Amino acid sequence: MSLQFGDEEFQSAWQELDEPQLDGWELFTEAMGVQIHRRYDRETGLYEYKVYGALDSCDPELCADVYMDLMYRKQWDSYVKELYEKDFDGQTAIYWEVKYPFPLKNRDYVYVRERRDLDINGRKIFVILARSSPETACPETSSALRVTDYKQSVAMESNGAGGTKVFMNYFDNPGGMIPTWLVNWAAKSGVPSFIKDLQKACNKYKSYCEKK
């Protein structure tokens, strides 16, 4: 079944590597070589984020492979409780449950994704798009609150120095009453930490694959 991500969506993602589109965005924080910009969404009262950074000593194809490997992510991402891809009444989708700190309820997602390996005038660029799929026939559970408004795009290419240049755009409406401190922590500390963990995971991926 086609995931129906349009060519323009992939183009919009990879073009951010060349020309960041930040009109109407504010610089939120910069840490560990990662810049995070945000834009207020009036309808939800939440922020959408754009992230620009780099992964040292990891080539972009390896990074894309690691990003797509759900089984491996369960080993290196400590916030994952459940993560798997399956067929839900004829539609392939991913189920993802994220651990939240006590006393907050965990959040879970049902989403679709697509990866394209692009050749743009000789440049190899890897783009992964994902968005929530509330129409997927995956019943909700009592252990987690379902997130139905989620989107993410990731673009990666070589930084010319043995590493990977990364762009990420994401919006997530977790629902419920989320404390402001947690939202700020997730954006200011959680995202840079995730990229740092992703780099460590890339460095260990070869040995992981050899053990499978």
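Below, the structure is looked at part by part. (Residues numbered from 1 in each chain as written. Predicted model: local features only at pLDDT ≥ 70, side-chain atom pairs only at ≥ 80, totals over all residues. Heavy atoms only, no water.)

What to know about the pattern of salt bridges
Here is step 1 of the chain: If you walk through the whole model with that rule in mind, you get 14 salt bridges.
Here is step 2 of the chain: Here R146 ties to D108 by a salt bridge, and the two come within 2.8 Å at their closest N and O atoms. You can see R146 sitting in strand β8 (residues 144-147) and its partner D108 sitting in strand β6 (residues 106-120), a full 38 residues away along the chain.
Here is step 3 of the chain: The class for R146 is buried, based on a relative accessible area of 14%.
Here is step 4 of the chain: Given a relative accessible area of 1%, D108 falls into the buried group.
Here is step 5 of the chain: E157 is the partner of R123 in a salt bridge, and the nearest nitrogen-oxygen pair spans 2.7 Å. Taken together, the residues R123 in strand β7 (residues 123-132) and E157 in strand β9 (residues 150-158) connect sequence positions 34 residues apart. (Salt bridge = Lys/Arg side-chain N within 4 Å of Asp/Glu carboxyl O. Helix = DSSP H or I, 4+ residues; strand = E, 2+ residues; numbered from the N terminus. Buried < 20%, exposed > 50% of the residue type's maximum accessible area, 1.4 Å probe, protein only.)

Some thoughts on the packing of aromatic side chains
Here is step 1 of the chain: For the coordinates displayed, the defined rule picks out 15 aromatic pairs.
Here is step 2 of the chain: Consider the rings of W96 and Y111, whose centres lie 6.1 Å apart with planes at 70°: the pair is edge-to-face. Separated by 15 residues along the polypeptide, W96 in strand β5 (residues 91-98) and Y111 in strand β6 bring together distant segments of the chain. Y111 carries the same exposure label as W96, and that label is buried.
Here is step 3 of the chain: Linked through ring pairs, F28, Y40, Y47, Y49 and Y170 together constitute an aromatic cluster.
Here is step 4 of the chain: Looking at R107, its charged tip hangs above the ring of Y100, at a distance of 4.9 Å from the centre. (Phe/Tyr/Trp six-rings, centres within 6.5 Å; stacked < 30°, edge-to-face > 60°. Lys NZ or Arg CZ within 6 Å of the ring centre and 35° of its normal.)

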